[in-house]
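Here are the chains, one letter per residue:
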Amino acid sequence: METGKEELRIGVFICHCGFNIGGVVDVPAVVEYAKTLPNVVCADENLYMCSSAGLSLIKEYIKKYNLNRVVVTSCTPATHETVFRNACEEAGLNKYFFEMVNIREHCSWVHMHHPKEATEKAKDLVRMAVAKASYLEPLVEPELEIKPSALVIGGGIAGMTAAMSLARQGFDVHLVEKESELGGMLRYLYKLQPTERDASEILHEAVTAVKANSRINLHTSTVIKEVKGFFGNFDVILQRHGSNELKQINVGTIIVATGAEGFQPLGMYGYKENENVMTQLELEQRLKNGGLKKPKKVVMIQCVGARERTGRTYCSRVCCMIALNNALLLKKLYPDVEISIFFRDMQTYGEYEDFYREAMENFIDFIRYDPDKPPKVTSKPNGKLAVTVHDVYLKAEVEIDSDLVILSTPLVQHEEGRKLSSVLKVPLGLDGFFFEAHPKLRPVDFSSEGIYVCGTAHGPKDVNESIAQAYAAASRAAIPMAVGKIRTEAVKAWVDTEICVGCDACEVSCIFNAIEALTFGHPHVVEANCKGCGVCAAECPLGAMQLRHFKDQQILAAIEALLKPKKLRGSGENFEPIILCFACQWCSYAAADLAGVSRIQYPHNVRILRVPCSGRVDVLHILKAFLNGADGVIVTGCLIGDCHYIDGNVKAKSRVETTKKSLKVFGIDLERLEIGFASSSEGQKFATMMTDFVERIRKLGPNPLRVGAGGD
Ligand code: FES
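Read on for a plain summary of the structure. Everything quoted here is computed from the prediction, not taken from an experiment.

Right, let's get into the side chain of threonine 409. Note on placement: threonine 409 falls in the loop between strand E25 (404-407) and strand E26 (411-412). Residue threonine 409 is classed as buried on the basis of its relative accessible area of 15%. A polar side-chain atom of threonine 409 sits 3.2 Å from the main-chain carbonyl oxygen of phenylalanine 263. Look past the residues within four positions of threonine 409 in its chain and what remains in contact with it is Phe263, Pro265, Thr279, Val304 and Cys319.

Shown next as structure tokens:
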């Protein structure tokens with residue numbers, strides 16, 4: 001076979017991984033089998049293919065056999081793909097001419113007691129990889145220039161800290177604040193826990209430093225109207241309140257530090273009906289401006305409007321500390337005041353536990369209530385408030401008269417934050433706060449490169465945590481700006497203009513602003529914004545939009561190679577189904593890896609095909625598998641809400657549902673198609689999912705479209 005003028009010359013290298021693969025899979029048999037595959041000019045084995053001897057063997061063979069494609073059959077690409085790609089590059093081969101097969105985590109380790117079947121599976125996986133490799137193309141990783149200036153959106157403590165950090169490192173910063181003054185929520189706080197330092201002191205220091213720094217361009221009473229461009233070169237349009245005047249700035253990176261606001265518990269516990277019912281934030285303002293009349297009795301109610309069954313289901317994290325802090329401040333101001341805190345659970349993490357003890361030592365009462373029996377607040381004719389609650393520990397109704405009822409309400413996203421999310425095309429999580437790329441690996445990055453988040457815009461946190469996170473976001477933004485350029489992934493969307501009819505389905509499906517629908521002509525891929533998820537390619541009805549390295553042709557070649565020898569394995573009760581499992585390269589592939597590492601055994605019938613995201617799986621891929629005889633197809637991805645491309649798995653789910661309907665037309669039972677989700681830590685769940693699915697397909701019997709079904 002030839003692509004263009006080039007004759008395909010594929011080398012296959014199979015690793016024993018000591019005893020890990022070789023102890024189960026018959027490696028020499030797989031090597032001999034690989035030699036029989038189309039365009040394979042050499043195949044060999046090594047005890048450890050990733051050792052210097054193994055890598056030298058690959059490099060030597062590339063030169064000796066003039067190889068233009070390399071397939072390594074070994075362990076997980078998560079740890080070793082880069083090693084082998086680099087070896088190819090060192091031997092003068094473009095590293096995207098490399099394909100990897102995992103026969104350790106996905107084969108020998110999960111079928112330890114079935115060497116024959118594991119060997120057959122290894123052959124199938126090699127055949128699929130060789131077929132895909134035949135269609136691989138050389139790719140280049142584009143380099144982007146990064147402009148050394150940043151935009152920080154939000155002039156609260158997080159935004160000011162990030163701006164100062166970047167300015168001190170020598171970068172120009174545009175600091176944009178929607179209000180006429182800097183400070184955000186810090187302007188309303190009184191004394192900060194646990195130091196009791198005056199919030200206004202911190203505010204004054206930060207504002208003075210920001211205003212005195214010549215590298216910081218301050219834009220108050222200003223909002224972000226529009227953001228165009230990409231990492232390294234964002235064009236941002238600013239608009240001043242009450243003016244039509246627009247200003248354009250150009251920056252390399254963006255930090256979102258827009259803060260949050262306190263939830264207003266309207267209609268709850270007499271809030272706004274009785275002036276003595278107020279939120280913690282309002283109490284702090286009164287303490288700050290001296291507007292609080294000395295109370296004799298105070299009741300604080302925790303979790304007001306938070307941790308609900310629907311809506312604000314999250315814990316706001318800081319309310320317990322704020323309540324303890326304010327209760328202790330009241331005690332210091334008025335030592336004989338009686339304070340009761342009605343709580344569901346006191347969540348005083350870390351050193352704040354000491355704070356909780358201090359409150360108890362100061363005779364602050366803690367009364368636990370059941371969320372199903374929340375406290376009731378009634379106004380008495382004498383102007384006092386009566387608070388009744390079912391005390392969980394006393395198992396009795398308790399009534400307390402109070403002068404003040406203070407409601408601890410959660411921080412919530414504000415309207416401006418929601419608007420900014422759509423202007424920047426960065427996601428909000430289910431709780432409404434800005435959603436980071438990965439909670440552990442990229443906790444202050446958005447999935448969109450060059451945009452970072454910090455402070456309460458990202459979720460409830462106290463002032464210290466906001467400051468710490470602001471430094472983290474500033475560091476993340478500073479690294480590419482200091483280097484001046486970055487190399488981006490080569491796996492990008494690409495449009496075949498010969499086929500494209502300009503329907504714009506790709507543009508609509510892309511949430512990264514990576515596809516511009518042009519009024520005339522074809523869509524344009526903004527490569528700097530493309531994340532390589534392939535959702536646009538799967539949504540394109542004509543196959544005009546493709547994802548490099550995961551083109552339809554490449555995926556279909558692997559599917560066809562798996563199923564072309566349509567031999568029926570077993571019959572009747574001994575029927576052995578062939579299951580194709582699409583696994584996203586992030587969570588579900590990692591879950592399959594973990595099943596292997598944990599030696600969790602599942603049926604050998606499953607063949608995993610790696611895709612960047614479950615959202616890349618096209619209806620065409622699924623139908624091709626069934627039409628070629630797959631007995632079952634399962635698409636797997638990250639848990640809903642955890643997709644590395646935000647909602648690729650949601651799109652995959654709806655695509656699978658739609659495809660199920662069309663299966664009927666082909667006489668295929670819709671039970672043969674499934675979608676499942678697993679996080680990277682759910683190896684057992686992945687194995688169980690596969691076991692259950694294989695059992696289901698076994699009961700359904702062979703795919704009726706399989707040639708020779710019922711007798712080969
Ligand atoms: Fe895993 Fe999208 S990246 S489903």
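Still to come is the rest of the account.
Looking now at the packing of aromatic side chains. Between two aromatic rings, the relevant description is the distance of the centres plus the angle of the planes. Under the definition given, this model contains ten aromatic pairs. Ring geometry for tyrosine 349 versus tyrosine 352: centroids 5.9 Å apart, planes at 85°, classification edge-to-face. Tyrosine 349 sits in the partly exposed class, given a relative accessible area of 29%. Taking the relative accessible area as the measure of exposure, tyrosine 352 reaches 11% and is therefore buried.

Enumeration over the complete set of coordinates arrives at 44 salt bridges. With its nearest N and O atoms 4.0 Å apart, the salt bridge here joins glutamate 179 to lysine 178. Taking the relative accessible area as the measure of exposure, glutamate 179 reaches 35% and is therefore partly exposed. Residue glutamate 527 is joined to arginine 548 by a salt bridge in which the shortest nitrogen-to-oxygen separation is 3.1 Å. Of this pair, glutamate 527 sits in the loop between strand E31 (524-525) and helix H14 (535-539) while arginine 548 sits in the loop between strand E32 (545-547) and helix H15 (552-563), and the two are 21 residues apart along the sequence. Since its relative accessible area comes to 31%, glutamate 527 is described here as partly exposed. Put simply, Arg442, Asp445, Glu449 and Arg476 are held in one network by salt bridges that share partners.

Moving on, we come to the sheet that holds strand E3 (residues 10-15). Across the sheet, four strands lie side by side as E4-E3-E5-E6; this open sheet has parallel pairing. Strands at the two margins of the open sheet, each flanked by one partner only, are strand E4 (40-46) and strand E6 (98-102). Looking at each pair of strands side by side, their axes are set apart by 15° on average, direction ignored. Examined bridge by bridge, E3 and E4 share six bridges and lie parallel to one another. Within the sheet, the bridge partner assigned to isoleucine 10 lies in E4 and is valine 40. Contacts from helix H5 (residues 115-133) reach E3, E4, strand E5 (69-74) and E6 within the one sheet, and its direction differs from that of E6 by about 165°.

A few words on helix H17 (residues 619-627). Looking at H17, one finds that the buried residues are His621, Ile622, Leu623, Ala625 and Phe626. Summarising the contacts, the buried residues of H17 are in contact with H15, strand E33 (579-584), strand E35 (632-637), helix H18 (648-663) and strand E36 (673-677). Capping the start of H17 is the job of one residue whose side-chain oxygen sits 3.0 Å from the backbone nitrogen of leucine 620: aspartate 618. Of the residues trailing H17, glycine 629 is marked for its positive phi of about 110°.

The next point concerns helix H3 (residues 77-90). The end-to-end C-alpha distance of H3, which contains 14 residues, comes to 18 Å, matching closely the 20 Å that a straight helix rising 1.5 Å per residue would cover. Here H3 has its buried residues at Pro77, His80, Glu81, Phe84, Arg85, Ala87 and Cys88. The buried residues of H3 all sit within an arc of 155° when viewed along its axis, so they share a single face. More than 90 degrees from the buried face of H3, the exposed residues found are Thr82 and Glu90. Each element contacted by the buried residues of H3 is listed here: helix H2 (52-64), E5, E6, helix H16 (587-597) and strand E34 (606-611). Where H3 begins, the side chain of threonine 76 points an oxygen toward the backbone nitrogen of alanine 78, at a separation of 3.1 Å. At the exit of H3 stands glycine 92, carrying a positive phi of roughly 90°.

Strand order in this open sheet of five strands is E12-E9-E8-E16-E27, and the pairing throughout is parallel. Where the open sheet ends on each side, the last strands, each with one partner, are strand E12 (216-219) and strand E27 (451-453). For this sheet, the mean inter-axis angle between neighbouring strands, taken without regard to orientation, is 20°. Bridging between strand E8 (residues 149-153) and strand E16 (residues 253-256) involves four bridges; their strand directions are parallel. Across the sheet, residue alanine 150 finds its bridge partner in E16, namely threonine 253. Sheet strands touched by helix H6 (residues 157-168): E8, strand E9 (172-176), E12 and E16. Its angle to E9, the strand with the most contacts, is close to 165°.

With that settled, consider unusual backbone geometry. Proline 194 follows glutamine 193 through a cis peptide bond whose omega is -5°. As for its placement among the helices and strands, proline 194 is situated in the loop between strand E10 (191-192) and strand E11 (197-198). For asparagine 513, which is not a glycine, the phi torsion comes out positive at approximately 65°. With respect to the element layout, asparagine 513 can be found in the loop between helix H13 (505-509) and strand E30 (515-516).

Close contact between H17 and H18 brings their axes to 10 Å; oriented N to C, the two are set at 40°. In terms of axis orientation, H17 runs oblique to H18. For H17 against H18, the interelement crossing comes out right-handed. Of H18, the residues touching H17 (which contributes Val619, Ile622, Leu623 and Phe626) are Arg655, Val656, Thr659 and Leu663. In the contact of H17 with H18, the residues fall into six nonpolar, one polar and one charged.

As a further point, take the pairing of strand E22 (residues 376-379). Pairing of E22 with strand E23 (residues 385-391), which is carried by four bridges, proceeds in the antiparallel orientation. Across the sheet, serine 379 pairs through a bridge with leucine 385, a residue of E23. From the end of E22 to the start of E23, which pair antiparallel, there are five residues, and glycine 383 there has a positive phi angle of about 90°.

Turning next to the side chain of aspartate 618. Note that aspartate 618 resides in the loop between E34 and H17. For the buried residue aspartate 618, which engages in no salt bridge, the nearest side chain bearing the opposite charge is arginine 616, 4.4 Å off. Excluding residues within four positions of it along the chain, aspartate 618 makes contact with Ala537, Ala538, Asp552 and Arg655.

On the surface, a cluster of nonpolar side chains totalling about 350 Å² of accessible area is made up of Leu627, Val665, Phe666 and Leu705. Topologically, leucine 627 is positioned in helix H17. The exposure class assigned to leucine 627 is partly exposed, which follows from its relative accessible area of 42%.

Reading guide: rules and limits
- Residues numbered from 1 in each chain as written.
- Predicted model: local features only at pLDDT ≥ 70, side-chain atom pairs only at ≥ 80, totals over all residues.
- Heavy atoms only, no water.
- Helix = DSSP H or I, 4+ residues; strand = E, 2+ residues; numbered from the N terminus.
- Buried < 20%, exposed > 50% of the residue type's maximum accessible area, 1.4 Å probe, protein only.
- Polar contact = N/O pair within 3.5 Å; in protein donor to acceptor, adjacent residues only side chain to side chain.
- Contact = heavy atoms within 4.5 Å.
- Phe/Tyr/Trp six-rings, centres within 6.5 Å; stacked < 30°, edge-to-face > 60°.
- Salt bridge = Lys/Arg side-chain N within 4 Å of Asp/Glu carboxyl O.
- Pairing = 2+ DSSP bridges.
- Axes fitted to C-alpha atoms, helices over the stretch in contact; angles between N-to-C directions.
- Expected span 1.5 Å × (residues − 1).
- Arc of directions from axis to C-beta.
- Parallel < 35°, antiparallel > 145°, perpendicular 65-115°, else oblique.
- Left-handed = near helix turned anticlockwise from the far one by under 90°.
- Nonpolar A, V, L, I, M, F, W, Y, C, P; charged D, E, K, R; others polar.
- Lys, Arg positive; Asp, Glu negative; His and termini not counted.
- Patch = residues over 30% accessible without salt bridge, like charges linked within 9 Å, V, L, I, M, F, W, Y side chains within 5 Å.
- Areas by Shrake-Rupley, 256 points an atom, 1.4 Å probe, with all protein chains shown as cover.

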